[in-house]
Each structure stands twice: as C-alpha cells, then as structure tokens.
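Below, each chain spelled out in residue letters.
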Amino acid sequence: MKDQPIRSMKNLLCGVGIVGCLMLSSASCTEVACGGSASSFQNQFENFIEKVDELDYESDDKRWKAFDKRFRLFIDECYPAYEEEMTKSERSKFWMGTLSYYSDRYGDEIAEAFAEQGEIISEEVVENLEAVFEETGRKLEDFLERNEGQIESLFEEIGRDIESWADRLQEILEE
C-alpha cells in the first residue's frame, strides 16, 4: 500500500514528461523544418528554390506533390516565424523566390494551371510580390535619376564601340 502513492507519483511524472517531450518534439520539428534561425531558413529556402530550378517535371507530374508541400511550409509557417528578423532585402529575395517557384512549377501554363485547378496564389504571396516590385521599381527609378549623366555617357561610349566594331568587322570581311 505504501508503494501505491509512490507509483502514482512516478506515473504522473512520467506522463508529464511524455507530454512535455511531445510538445518539444513538435516545436522542434517546425524549427528543424524551418531551419531554427532566420539565416538558416533563408539558406534552406534558397537551396530549395535552386533544386526546384533544376527539375524538369511537367506541371502535372505527381512528383511535384512533395515540393508543393515543402513550399507551403515555407510560406505558411517558416516565413511568418522569421519575417521580423529579416531585412527588407531578405524579404524581397524570399518573395522573388516564391515567384521563381511558381514559374518553375507551372512554366508558361501558370495562369491556366491556377484557373483549371482552382488554385489561387495566396493573398500574402500576391501582396508581398507587389510590395517587392514597387520597391524594386522605386530603387531603379532612384538609381537612374542619380546616375543619369553617367548612364548617358556609358551608352554613348557603347555606341562608339559598336560603330568601331562594325567598321573592324567590315574590314575583316573585305579582306
């Protein structure tokens, strides 16, 4: 009888330990899947995009299923976990990577694939890509305005070089 309370206490502690381990393992699974840090997540995502870029599957190939699942994890769980730690440039790079994924995944059939399958690019993806394009456009405009004189000189120099090359090519052809 004396052993009964001790056994109950051991069982209770064991149960609490198991529940704690399960909670930690599910959290650590997400951490592992997302990289455990913002820089590790970004590296994993870049490696994923590079791997997808090398694939040569048709858009209806069943092998895409695993890639689609991993991609959704990056969008739905990993990015929100590390977004605040990322710079504007890193966030832009991430969203450009998502565009690359869709392009590799669906190729020229991207619009048709979304319409046919009833799949809609998540609003978050669209909003972030719009922000990236807007920011990129502003940066390009600012760059062009700041360097207008130098760019104009560069194009004039290139034009002279092309004329020189054309003259030289004509000389070679006439020989």
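Structure: see above.
So, how was this worked out
- Residues numbered from 1 in each chain as written.
- Predicted model: local features only at pLDDT ≥ 70, side-chain atom pairs only at ≥ 80, totals over all residues.
- Heavy atoms only, no water.
- Helix = DSSP H or I, 4+ residues; strand = E, 2+ residues; numbered from the N terminus.
- Expected span 1.5 Å × (residues − 1).
- Buried < 20%, exposed > 50% of the residue type's maximum accessible area, 1.4 Å probe, protein only.
- Polar contact = N/O pair within 3.5 Å; in protein donor to acceptor, adjacent residues only side chain to side chain.
- Contact = heavy atoms within 4.5 Å.
- Patch = residues over 30% accessible without salt bridge, like charges linked within 9 Å, V, L, I, M, F, W, Y side chains within 5 Å.
- Areas by Shrake-Rupley, 256 points an atom, 1.4 Å probe, with all protein chains shown as cover.
- Salt bridge = Lys/Arg side-chain N within 4 Å of Asp/Glu carboxyl O.
- Lys, Arg positive; Asp, Glu negative; His and termini not counted.
- Charge placed at Lys NZ, Arg CZ, Asp CG, Glu CD.
- Disulfide = S-S within 2.5 Å.
- Core = buried A, V, L, I, M, F, W, Y, C linked by side-chain atoms within 4.5 Å.

A. The arrangement of helix 4 (residues 88-106) in detail. Compared with the 27 Å implied by 1.5 Å per residue over 19 residues, the 27 Å span of helix 4 between its first and last C-alpha is a close match. Within helix 4, the full set of buried residues consists of Ser 92, Phe 94, Trp 95, Gly 97, Thr 98, Tyr 101, Tyr 102, Arg 105 and Tyr 106. The first or second residue beyond helix 4 is Gly 107, which carries a positive phi of 55°.

B. Spatial organisation of the environment of Tyr 79. Of note, Tyr 79 is situated in helix 3 (residues 64-82). For Tyr 79, a relative accessible area of 0% puts it in the buried group. On a C-alpha basis, the gap between Tyr 79 and Cys 34 in space is 8.3 Å, while along the polypeptide they are 45 residues apart. Reaching out from Tyr 79, the side chain makes a polar contact with the side chain of Trp 95 at a distance of 3.0 Å.

C. Geometry of the side chain of Ser 59. The topology assignment puts Ser 59 in the loop between helix 2 (38-54) and helix 3. Exposure remark for Ser 59: the relative accessible area of 16% places this residue in the buried category. Ignoring anything within four residues of it in the chain, the contact list for Ser 59 reads Trp 64, Arg 105, Tyr 106 and Glu 109.

D. Representation of a negative patch on the surface. Residues Asp 56, Glu 58, Asp 60, Asp 108, Glu 109 and Glu 112 make up a contiguous surface patch of negative charge. In this fold, Glu 112 is placed in helix 5 (residues 110-117). With relative accessibility at 46%, the residue Glu 112 sits in the partly exposed group.

E. Geometry of the state of the cysteines. For the structure on display, the rule yields one disulfide. Disulfide pairing is shown between Cys 34 and Cys 78; the S-S distance is 2.0 Å. Sign of the S-S torsion, about -80° for the bond between Cys 34 and Cys 78, identifies this disulfide as left-handed. With Cys 34 in helix 1 (residues 3-34) and Cys 78 in helix 3, this residue pair connects regions lying 44 residues apart in the sequence. Taken individually, Cys 34 and Cys 78 each receive the classification buried, so the pair is uniform in this respect.

F. The arrangement of the nonpolar core in detail. Formed by 23 residues in total, the largest nonpolar core has its most connected members in Phe 41, Phe 45, Phe 48, Phe 71, Phe 74, Phe 94 and Tyr 101. Among the elements of the structure, helix 2, helix 3 and helix 4 are those that each provide at least two residues to this core. In terms of residues, this core owes the most to one element, helix 3, which gives nine residues. Among residues more than four places away in sequence, those in contact with Phe 74 are Phe 41, Gln 44, Phe 45, Phe 48, Tyr 79, Pro 80 and Phe 94.

Scope: geometric values only; no functional claims are made or implied.
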